[in-house]
Every structure is written in structure tokens, then in C-alpha cells.
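Given next are the chains, with one letter for each unit.
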Amino acid sequence: NYYRGKGRALKANVEEAISVAAVISCLFIPPLALFGEEAGLLLFSDRLSGKIIAYSSYLLLPLSLNMISSGILNSMQGEKVTLIAFAVGSVCLLTCVVLLPPLIGIYAICVGSGLEAIAASSLQFFFLYKRCPQKPRIVRPVLLSLLPLVPAFLLGALTKPLLFRFFSAVPAIAIGCVLTLGVALAFYAFLGLLPRPKLLRKKHKIQENFA
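Bear in mind the structure is a predicted one, so any value in this text is a computation, not a measurement.

## Describing unusual backbone geometry
Here comes step 1: With a phi close to 55 degrees, Ser45 is a non-glycine residue in the positive phi region.
Here comes step 2: Residue placement: Ser45 occurs in the loop between α2 (29-44) and α3 (47-56).
Here comes step 3: With phi around 60 degrees, Gln77 is a residue other than glycine that occupies positive phi space.
Here comes step 4: By the element assignment, Gln77 lies in the loop between α4 (60-75) and α5 (79-99).
Here comes step 5: Residue Gln77 is classed as exposed on the basis of its relative accessible area of 56%.

## With respect to the state of the cysteines
Here comes step 1: Applying the stated rule across the entire model yields 0 disulfides.
Here comes step 2: The closest cysteine sulfur to the non-disulfide-bonded Cys26 is located on Cys177, 16 Å from its own sulfur.
Here comes step 3: Given the relative accessible area of 0%, Cys26 is considered buried.
Here comes step 4: The thiol of Cys110 is not disulfide-bonded; the next cysteine sulfur, from Cys96, is found 11 Å away.

## Some points on a nonpolar patch on the surface
Here comes step 1: A cluster of nonpolar side chains, contributed by Leu103, Ile104, Val111, Leu115 and Ile118, occupies part of the molecular surface with about 430 Å² of accessible area.
Here comes step 2: Of all the secondary structure elements, the ones that give two or more residues to the nonpolar patch are α6 (101-104) and α7 (108-131).
Here comes step 3: If one sorts the elements of the nonpolar patch by residue count, α7 sits on top with 3 residues.
Here comes step 4: Considering the arrangement of structural elements, one finds Ile104 in helix α6.

## Some thoughts on the pattern of salt bridges
Here comes step 1: What the rule picks out here adds up to 4 salt bridges.
Here comes step 2: Glu15 is the partner of Arg137 in a salt bridge, and the nearest nitrogen-oxygen pair spans 3.5 Å. Here Arg137, found in the loop between α7 and α8 (139-146), pairs with Glu15, found in helix α1 (residues 7-27); they are 122 residues apart in sequence, far enough to count as distant.
Here comes step 3: Of the charged contacts, one joins Lys160 and Glu38 as a salt bridge, the two residues approaching to 3.0 Å between their closest N and O atoms. Here Glu38 lies in helix α2 and Lys160 lies in helix α9 (residues 149-166), a separation of 122 residues in the sequence.

## Quick look at the confidence of the model for the protein chain
Here comes step 1: Chain-level pLDDT for the protein chain is 87 on average; 92% of the residues reach the 70-or-more range.
Here comes step 2: When the elements of the protein chain are averaged for pLDDT, helix α11 (residues 198-210) gives the smallest value, 48, and α5 the largest, 93.
Here comes step 3: A low-confidence stretch, residues 202-211 stays under pLDDT 50, and its non-local contacts, those more than four residues away or across chains, total 1 contact.

## Some thoughts on the nonpolar core
Here comes step 1: Within the largest apolar cluster, 25 residues are counted, with the highest numbers of intra-cluster contacts made by Val14, Ile18, Leu61, Leu65, Leu128 and Tyr188.
Here comes step 2: Every element with two or more residues in this core is listed here: α1, α4, α7, α8, α9 and α10 (169-191).
Here comes step 3: The dominant element in this core, judged by the number of residues it contributes, is α1, at 7 residues.
Here comes step 4: Each residue touching Val14, except ones within four places of it in the same chain, is listed here: Ile72, Leu128, Cys132 and Pro136.

## Quick look at the environment of Ser57
Here comes step 1: Turning to its location among the elements, Ser57 is positioned in the loop between α3 and α4.
Here comes step 2: Between the C-alpha atoms of Ser57 and Ala33, which are 24 residues apart in sequence, the distance is 5.7 Å.
Here comes step 3: The contacts of Ser57, once residues within four sequence positions are left out, are Ile29, Leu32 and Ala33.

What counts, and at which threshold
- Residues numbered from 1 in each chain as written.
- Predicted model: local features only at pLDDT ≥ 70, side-chain atom pairs only at ≥ 80, totals over all residues.
- Heavy atoms only, no water.
- Helix = DSSP H or I, 4+ residues; strand = E, 2+ residues; numbered from the N terminus.
- Buried < 20%, exposed > 50% of the residue type's maximum accessible area, 1.4 Å probe, protein only.
- Disulfide = S-S within 2.5 Å.
- Patch = residues over 30% accessible without salt bridge, like charges linked within 9 Å, V, L, I, M, F, W, Y side chains within 5 Å.
- Areas by Shrake-Rupley, 256 points an atom, 1.4 Å probe, with all protein chains shown as cover.
- Salt bridge = Lys/Arg side-chain N within 4 Å of Asp/Glu carboxyl O.
- pLDDT = per-residue confidence, 0-100.
- Contact = heavy atoms within 4.5 Å.
- Core = buried A, V, L, I, M, F, W, Y, C linked by side-chain atoms within 4.5 Å.

Take a look at the structure:
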């Protein structure tokens with residue numbers, strides 16, 4: 001669509017790609033953040049490993065946005081832009097790794113990775129916005145993807161003590177993850193953010209043509 005000059009279709013492609021990347025990454029933030037510490041203790045017999053899993057769960061969104069924005073730009077001959085964004089992000093990461101360990105220890109790599117992804121994706125989205133003839137909505141799909149996190153976190157935080165009170169670690173973690181994922185999926189479906197299969201899209205398009 002970019003090379004064919006189809007601005008409206010390109011705008012829809014970019015918005016859908018951002019939305020899908022944000023939704024998929026946000027789906028796994030609540031279960032990892034709420035139950036990551038217990039999962040790390042269970043899998044690695046080390047509470048620090050679990051804490052790193054829980055704290056790193058918030059990196060899923062910026063990392064996903066960084067990857068999807070770089071992929072889109074590379075397909076639009078934006079390799080130089082993604083290289084610059086990578087360099088800027090690497091500077092952020094290295095700065096955090098050098099300066100922050102005396103203050104926050106191993107979590108410096110988590111902060112650095114987050115800042116790296118945020119800096120790189122911000123630059124890439126800026127240039128992506130400039131390259132599209134019809135300007136895509138970039139912030140809106142990301143903000144919408146964050147809304148279901150609120151009920152998912154609330155449900156997980158409320159049920160977690162009860163789950164570990166009545167169940168052992170494995171079923172408690174499994175049930176808690178399923179509950180938080182289920183609530184988030186329900187809200188995404190209500191907001192219309194879940195991607196529809198291509199078969200359903202074609203059927204809908206045919207129905208529109210005959211309407």
C-alpha cells in the first residue's frame with residue numbers, strides 16, 4: 001500500500017499493526033506482574049528471579065511497540081531511521097547500566113531496557129507519522145489497549161490472596177493467570193480491539209457489497 005500510494009489503506013494497516021501489538025503485549029502484563037514472583041520462586045527456587053519477572057512484565061508494551069514500528073519502517077525504506085533509533089536507544093540502555101546499579105542494583109537493566117524501547121519507538125513512530133500521506137492514529141490504539149489492564153489488575157489483586165489460601169502454588173498461579181487474561185480479553189472484545197480472522201473480514205466485505 002505504501003508503494004502503490006494507497007494512503008487510506010496504509011493508514012489502516014499501521015493502526016491495526018499498532019493495535020494488535022499493543023493488545024497482545026498488554027494481555028500478559030497483569031498475570032506476569034501479579035504472579036511473576038511466585039512463578040519465579042516455583043521455577044527457579046529464587047524469589048529475586050520472580051521479582052525480576054514481575055518488574056520486567058511492564059517492558060512488554062514498549063518492546064512490542066519498538067519491534068512493530070521498526071518492522072513497518074523497514075518495509076517503507078526507513079532503515080536509516082531505525083538505525084538512528086537503535087543508536088539512541090542503546091545510549092539510553094548503556095547509560096542506565098553504567099549509572100544505576102549502585103542505586104537499584106540488577107533492576108538497572110530493566111529500567112534501561114524500558115527507556116531504550118521507549119526512546120527508539122518514539123523516534124520511529126515520529127518518522128512513521130511523517131512518512132504516511134494520511135496520518136495514522138498512533139497514541140489512541142495504545143491508550144485503548146491500556147484500559148482493560150485496570151479491571152484485570154483489580155480482579156487479580158483481589159483474588160490472589162484467596163487463591164493462595166485455598167490452593168497450592170501451581171493451581172493458584174494457573175487460575176489467577178486465566179482469570180486476569182479472561183477479564184482483559186472480555187474488555188478488549190467489548191472495545192472491539194481484538195483482530196478478526198481474514199475469513200470473517202471477507203464475509204463482512206461481501207455483505208457490504210450486496211447491501
